[in-house]
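Commentary on secondary and tertiary structure
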Amino acid sequence: MTQDTLIIGAGVAGLFTALKLAPMPVTVITARPLGRGGSSVWAQGGMAAALGADDHTDFHVRDTLTAGAGLVDERAAKILAEGARDGVEDLVTWGVPFDRKADGTLKMGREAAHSHARILHATGDQAGAAIMEALVTAAQKADHITILERVVAEDLLTDDDGRVAGALIYDVARERRTLMTASRTVLATGGLGGLYAVTTNPVRAQGHGLAFALRAGAVIRDPEFVQFHPTAINLEKDPAPLATEAIRGDGAVLINTDGKRFTLDHHRDGELAPRDIVARAVEAEITAGRGAFLDARAAIGEDFAAKFPTVNASCLDAGINPATDPIPVAPACHYHMGGVKTSLDGRSSVPGLWAVGEVASTGIHGANRLASNSLLEAVVFGARTARDILSYDAEPLQDVAAPEDRMALPSKPADPALLQEMRESMARGAALLRSRDSLKATRMVIERLGETAIADDRLTSGLLSTLITARMIVDGAIMREESRGAHFRTDFPDTEEAAEHTEISL
């Protein structure tokens, strides 16, 4: 099965890239029915865009650099901020119903670490779902796009010249594994929150794309930087429902069981401080036995249901009325800042492979992602990646093959019991607070699980990729002997003066 261009993943990044590739024929594969199952549709906060009368792209760049704690590529940040207008116009053309004021102009909200109100919402807290719905409709109508649902990528193919040449896939409906060759392959596989016991992502988001890229020879950059959202709703659900940062942008505060507002003890910006600081503040209150609650009663009150219908529904299901009750919250794994190292045009270090969206490390997020930059990145860099692919002169592939060890493994996801043990270990030792001892303990668990899976004949294609990616996070965190952004080492609490990237490759 041969394709000209193959995109693995059908979230915002994958679909936007596919649409911008017109008229080049492109095949998009997705493990789930189109528009369902990925993290994009769960995005509540919105999309950052410096389009307000009092705002400027330079301010957006500055805020991105500050949040990223010294590791943001300023060129990438400028491209991101300056590309927002075109990206928004494309989305509006495809039918995204961004919220507007009475006069028809775009309505802007405020989120943490942004100096200005520049967050575009759609239907309140349903921006991801609204953007996905529009892109799915546009992709289904596009003559140049072929969409294959319930097709699982298991690894990347390479040829004798070391180029990426498509993917080893498993067709769920036909129960058949096959090689799908392509002269141009795009990873748009999303994030890895499912590696942790508490996450706001779908559990199946386990970072397999990073493992695929590593095994194909690509460089993985800064895998240790995992962002924990400070206000997951603490209902002991898996995954945890999210209380969008926009609620704090509208004035809600964080309090403990004594009713004390505690974030100002940690940062002058309080609830609107960078996410890593707020998350650690929330964790400290919980660890001290005082609990943490998001209090929107005074700031939002009876308007809560209309402004944040998704959050409101999650709360009401648990018997909590946000208009009258504080919402119990806790940090949860939310976003991965590291990823496949790419150029500013989405190219990986391996010929024939591009990466877009959360799986990519474009240089934008550094050590800590600025809120609502993720959807914008998917759009702006999806367009740049498409332009680069359209200009790419692909050479004929030579003797394409899949990794031999992969072919011997069953086409199945990770064993549930082994996966859960790994998720709990990652949450204990490689999450919000880390140390050499905790990281080494987690690495030992990962190694033991791999050995157990082999001994018990439980090693599958899904588990192999999951363990590889978890190991990269732990190894990167051990290598970084400092605290920076979302990476906090209790044994190295200070930040080094020189900001350096971590790179992992085979």
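What comes next is a walk through the structure.

1. Examining the overall build of the protein
Secondary structure summary: the protein contains 15 helices and 18 strands in total. Whereas a compact globule of 506 residues would reach a radius of gyration of roughly 23 Å, the protein reaches 22 Å, a difference of no more than 12%. Counting only C-alpha atoms, the protein reaches 65 × 55 × 45 Å along its principal axes. Scored against the burial criterion, the 506 residues of the protein give a buried share of 59%. Sequence separation of 24 or more characterises 73% of the internal contacts of the protein that already satisfy a separation of 6 or more. When the accessible surface of the protein is split by element, carbon and sulfur atoms take 48% of a total near 19400 Å².

2. Considerations on the sheet that holds strand β5 (residues 119-120)
Sheet architecture is open: 3 strands sit in the order β3-β5-β4, paired in antiparallel fashion. Bordering the open sheet on either side are β3 (47-48) and β4 (108-109), each of which pairs with just one other strand. Relative to β5, β4 runs antiparallel, the two sharing 2 bridges. What sits directly across from M108, in β5, is L120.

3. Concerning the environment of D491
Along the chain, the position of D491 falls in the loop between α15 (461-479) and β18 (503-504). Owing to a relative accessible area of 33%, D491 belongs among the partly exposed residues under this scheme. The spatial distance from the C-alpha of D491 to the C-alpha of R448 is 25 Å, given a sequence separation of 43 residues. Residues within four places of D491 in sequence aside, it is in contact with R434, S435 and R436. At 2.8 Å, the side chain of D491 forms a polar contact with the side chain of R489.

4. Some details on the environment of A299
Mapped onto the fold, A299 is located in the loop between β13 (293-295) and α9 (304-307). The exposure class of A299 is partly exposed, given its relative accessible area of 39%. A C-alpha to C-alpha distance of 10.0 Å links A299 and G249, two positions 50 residues apart in sequence. Apart from the residues within four sequence positions on either side, A299 is in contact with D250, G251 and A252.

5. Comments concerning the sheet that holds strand β15 (residues 339-341)
Within the open sheet, the 4 strands sit side by side as β17-β15-β10-β18. Their pairing is mixed. Of all the strands in the sheet, the pair left with one neighbour each is β17 (360-361) and β18. Of the pairings in the sheet, the one linking β15 to β17 comprises 2 bridges and is parallel in character. Bridging from a neighbouring strand, V340 pairs with A360 of β17.

6. A short note on the pattern of salt bridges
Within this structure, the stated rule accounts for 38 salt bridges. Here D238 and R423 are joined by a salt bridge, their closest N and O atoms 2.9 Å apart. Here D238 is found in the loop between β11 (226-233) and α7 (246-249), whereas its partner R423 is found in helix α13 (residues 416-429), with 185 residues between them in sequence. Using a relative accessible area of 44% as the deciding quantity, one classes D238 as partly exposed. Exposure remark for R423: the relative accessible area of 1% places this residue in the buried category.

7. Thoughts on a positive patch on the surface
On the surface, R32, R36, R150 and R204 cluster together into a positively charged patch. Here R204 lies in the loop between β9 (176-187) and α6 (208-215).

8. Here we look at a negative patch on the surface
Together, D494, E496, E497 and E500 line one region of the surface with negative charge. Of the residues examined, D494 reaches a relative accessible area of 60% and is grouped as exposed.

9. Notes on the environment of T244
Mapped onto the elements of the fold, T244 is located in the loop between β11 and α7. On a C-alpha basis, the gap between T244 and I233 in space is 9.7 Å, while along the polypeptide they are 11 residues apart.

10. Points about the side chain of D295
When you line up the elements, D295 lands in strand β13. Overall, D295 belongs to the buried group, its relative accessible area being 13%. Side chain to side chain, D295 and R297 meet in a polar contact 2.9 Å long. In this view, D295 contacts A252, V253 and I255; residues no more than four positions away in its chain are not counted.

11. Observations regarding the packing of α13 against α15
The interhelical angle for the contact between α13 and α15, taken along N-to-C directions, is 10°, at an axis separation of 11 Å. As judged from the angle between their axes, α13 and α15 are roughly parallel. Residue-level inspection shows L418, L419, M422 and M426 of α13 in contact with α15, the latter providing L463, T466, L467, A470, I473 and V474. A per-class count over the contact of α13 with α15 returns 9 nonpolar, 1 polar and no charged.

12. Focus: the pairing of strand β7 (residues 151-158)
Burial within β7 is extensive, with 6 of its 8 residues counted as buried. Where β7 lies against strand β8 (residues 164-171), 6 bridges are found, and the strand directions are antiparallel. From the neighbouring strand, V151 faces β8, where its bridge partner is D171. Hairpin connection of β7 to β8: 5 residues between the antiparallel strands, including G162 at a positive phi of 80°.

The rules we used
Residues numbered from 1 in each chain as written. Predicted model: local features only at pLDDT ≥ 70, side-chain atom pairs only at ≥ 80, totals over all residues. Heavy atoms only, no water. Helix = DSSP H or I, 4+ residues; strand = E, 2+ residues; numbered from the N terminus. Rg over C-alpha atoms; globule rule 2.2 N^0.38 Å. Buried < 20%, exposed > 50% of the residue type's maximum accessible area, 1.4 Å probe, protein only. Contact = heavy atoms within 4.5 Å. Areas by Shrake-Rupley, 256 points an atom, 1.4 Å probe, with all protein chains shown as cover. Pairing = 2+ DSSP bridges. Polar contact = N/O pair within 3.5 Å; in protein donor to acceptor, adjacent residues only side chain to side chain. Salt bridge = Lys/Arg side-chain N within 4 Å of Asp/Glu carboxyl O. Patch = residues over 30% accessible without salt bridge, like charges linked within 9 Å, V, L, I, M, F, W, Y side chains within 5 Å. Lys, Arg positive; Asp, Glu negative; His and termini not counted. Charge placed at Lys NZ, Arg CZ, Asp CG, Glu CD. Axes fitted to C-alpha atoms, helices over the stretch in contact; angles between N-to-C directions. Parallel < 35°, antiparallel > 145°, perpendicular 65-115°, else oblique. Nonpolar A, V, L, I, M, F, W, Y, C, P; charged D, E, K, R; others polar.

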